[in-house]
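# Observations on the three-dimensional arrangement
As a plain string of letters, each chain reads:
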Amino acid sequence: MAAKVWLKEGREKSLLRRHPWVFEGAIARLEGEPQAGETVQVCDAHGQFLAWGAYSPSSQIRVRLWSFNPQERIDALFLRRRLEAALRARQGLLADSQTNAWRLVHAESDGLPGLIVDQYADTLVAQFLSSGAERWREEIATALMDLTQARRLYERSDVEVRRLEGLPDRSGPLRGEAPPDRLEIVENGLRFYVDVYQGHKTGFYLDQRRNRRLVRDLAQGRHVLDCFCYSGGFLVNALAGGAASALGLDTSAEALALAEANIALNRLAAQRVTLEEADVFQALRALRDRGRRFDLIVLDPPKFAPTAAHVPQAARGYKDINLLAFKLLNPGGILLTFSCSGGVDAALFQKIVADAAVDAGIQAQIFAWLFQAEDHPVSLAFPEGIYLKGLAVRVS
Ligand code: SAH
């Protein structure tokens with residue numbers, strides 16, 4: 001018999017809308033003594049079944065829900081079916097011969113709370129971020145290898161959120177031999193090295209694929225500035241799109257080394273590119289003081305607001321860099337500006353950018369609303385799944 005989590009009166013509402021989390025504060029009592037990751041039954045204040053979920057004893061998100069079907073058995077077969085569904089949903093994408101790197105599993109939005117799986121050519125990289133995903137790690141690994149014919153599966157469960165679940169960091173090969181130091185992938189016909197050992201996230205910002213494509217389409221003849229350039233995803237696209245020049249800024253020397261290698265890998269004219277190890281907040285001011293101007297600027301900063309409490313400070317950070325970027329744009333110039341902060345939604349972000357334009361004394365129009373790529377889908381029941389938003393803005 002599964003342990004039973006009784007909710008407080010009225011706290012079943014979010015579950016009736018299929019939201020996949022139960023917070024500690026919604027729980028009236030616990031019947032049984034579930035281990036971390038064990039399947040529990042969640043019921044309303046009257047004992048009525050609501051869902052099956054995985055118990056997380058030390059997280060504020062006490063239960064992450066697997067299924068709202070009372071008949072469901074949460075076992076290896078269930079997980080395999082969910083993984084199959086995630087792959088099926090991406091079938092059209094996976095057939096693209098110009099790209100071989102994708103997010104195969106996007107956690108809650110694919111019905112697999114706490115599980116991220118990215119594919120880089122014949123290598124899979126997984127992150128097990130919740131007690132439930134951790135509990136089924138072996139079964140998930142077996143099913144993934146079976147369903148994808150990948151050559152190896154590497155684990156990068158070295159993420160902050162695991163600590164909230166009381167789980168230690170863990171990375172290493174999970175199936176197959178260790179991957180090479182630098183894997184090579186193709187994205188929209190361009191080649192990139194990916195470092196799955198030390199790289200950010202699982203190695204590459206797959207979520208920006210479509211937006212990088214947009215930069216390529218906009219870059220012809222333009223002087224481009226890529227702020228927070230990491231391994232050069234936007235830079236390589238700008239150069240491939242015919243940029244007149246490109247300047248990439250990042251504080252990480254390792255990221256810049258990879259960016260340089262990626263530019264060379266695509267045989268793009270390196271003389272048109274400058275890479276600078278610099279803090280963007282300072283570098284933008286220095287560029288302004290030197291009177292430098294650009295035609296296309298990309299701002300893709302790290303997460304300034306991991307939680308709602310950081311929002312006011314994050315808003316100041318976003319406004320600062322957007323204001324400076326507006327001042328560096330030539331008339332007719334374009335700004336592609338992003339936020340991957342969960343706490344800052346699209347409406348707030350647009351307002352911050354609008355305020356920055358006013359303070360910069362410029363007029364501008366939005367010509368595209370940008371989001372994470374389609375292999376990072378968002379379940380309608382889980383709006384938290386929208387994390388990357390951006391604006392494409394043209395200055396008049
Ligand atoms: N645009 C990239 C992803 C950017 S991730 C892509 O498409 O691949 C954010 C990057 O910002 C990281 O590489 C990190 O090293 C860098 N970074 C963080 N703080 C910074 C700062 N203050 N100045 C410059 N770079 C910074």
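Rules used throughout
Residues numbered from 1 in each chain as written. Predicted model: local features only at pLDDT ≥ 70, side-chain atom pairs only at ≥ 80, totals over all residues. Heavy atoms only, no water. Axes fitted to C-alpha atoms, helices over the stretch in contact; angles between N-to-C directions. Helix = DSSP H or I, 4+ residues; strand = E, 2+ residues; numbered from the N terminus. Parallel < 35°, antiparallel > 145°, perpendicular 65-115°, else oblique. Left-handed = near helix turned anticlockwise from the far one by under 90°. Contact = heavy atoms within 4.5 Å. Nonpolar A, V, L, I, M, F, W, Y, C, P; charged D, E, K, R; others polar. Buried < 20%, exposed > 50% of the residue type's maximum accessible area, 1.4 Å probe, protein only. Near = heavy atom within 4 Å. Polar contact = N/O pair within 3.5 Å; in protein donor to acceptor, adjacent residues only side chain to side chain. Areas by Shrake-Rupley, 256 points an atom, 1.4 Å probe, with all protein chains shown as cover. Salt bridge = Lys/Arg side-chain N within 4 Å of Asp/Glu carboxyl O.

## Remarks on the packing of helix α7 (residues 209-218) against helix α8 (residues 233-240)
Here α7 crosses α8 at 30 degrees, and the two axes come no closer than 7 Å. Between α7 and α8, the interaxial angle falls into the category roughly parallel. Classified by chirality, the crossing of α8 by α7 is right-handed. Note on element contacts: α8 touches α7 through G233, F234, N237, A238 and A240, opposite N211, R212, R213, V215 and R216. A class-by-class count of the residues in the contact of α7 with α8 yields four nonpolar, three polar and three charged.

## Quick look at unusual backbone geometry
Backbone geometry at R18 places phi at a positive 75 degrees, although glycine is not the residue there. If you trace the backbone, R18 turns up in the loop between α1 (13-16) and β2 (21-23). By relative accessible area, R18 is classed as partly exposed at 44%.

## With respect to the site of the ligand
What surrounds the ligand is a group of 15 residues, the closest being R212, D250, D279, V280 and D300. Here a nitrogen atom of the ligand and a backbone polar atom of F228 are 3.3 Å apart. The backbone of T251 places a nitrogen or oxygen atom 3.2 Å from a nitrogen atom of the ligand. Across the complex, the protein chains shield 90% of the 580 Å² of accessible surface that the ligand would expose by itself. A per-class count over the shell around the ligand returns eight nonpolar, three polar and four charged.

## As for the pattern of salt bridges
On inspection of all chains with the given rule, the structure shows 31 salt bridges. E108 is paired through a salt bridge with R64; the nearest N and O atoms lie 2.8 Å apart. One end of the pair, E108, is in the loop between β7 (101-106) and β8 (115-120); the other, R64, is in strand β6 (residues 61-67), and 44 residues separate them in sequence. Classification of E108 as buried rests on a relative accessible area of 10%. Here R170 and E155 are joined by a salt bridge, their closest N and O atoms 2.6 Å apart. Placement of R170 in strand β11 (residues 170-175) and of E155 in strand β10 (residues 152-157) is noted, with a sequence separation of 15 residues between them. By relative accessible area, R170 is classed as partly exposed at 25%. In the salt-bridge network here, residues are joined through shared partners; they are E134, R137, E155, R162 and R170.

## Remarks on the packing of helix α11 (residues 311-328) against helix α12 (residues 346-360)
In a pair of packed helices, the angle between the axes and the distance between the axes together describe the arrangement. Interhelical geometry of α11 versus α12 gives an angle of 45 degrees and a closest axis separation of 8 Å. On the basis of their axis angle, the class for α11 and α12 is oblique. Two packed elements cross with a definite hand, and for α11 against α12 that hand is right-handed. Residues V311, A315, Y318, K319, N322, L323, F326 and K327 of α11 touch α12, and the partners they reach there are L348, F349, I352, V353, D355, A356, A357, D359 and A360. For the contact of α11 with α12, the per-class residue count stands at twelve nonpolar, one polar and four charged.

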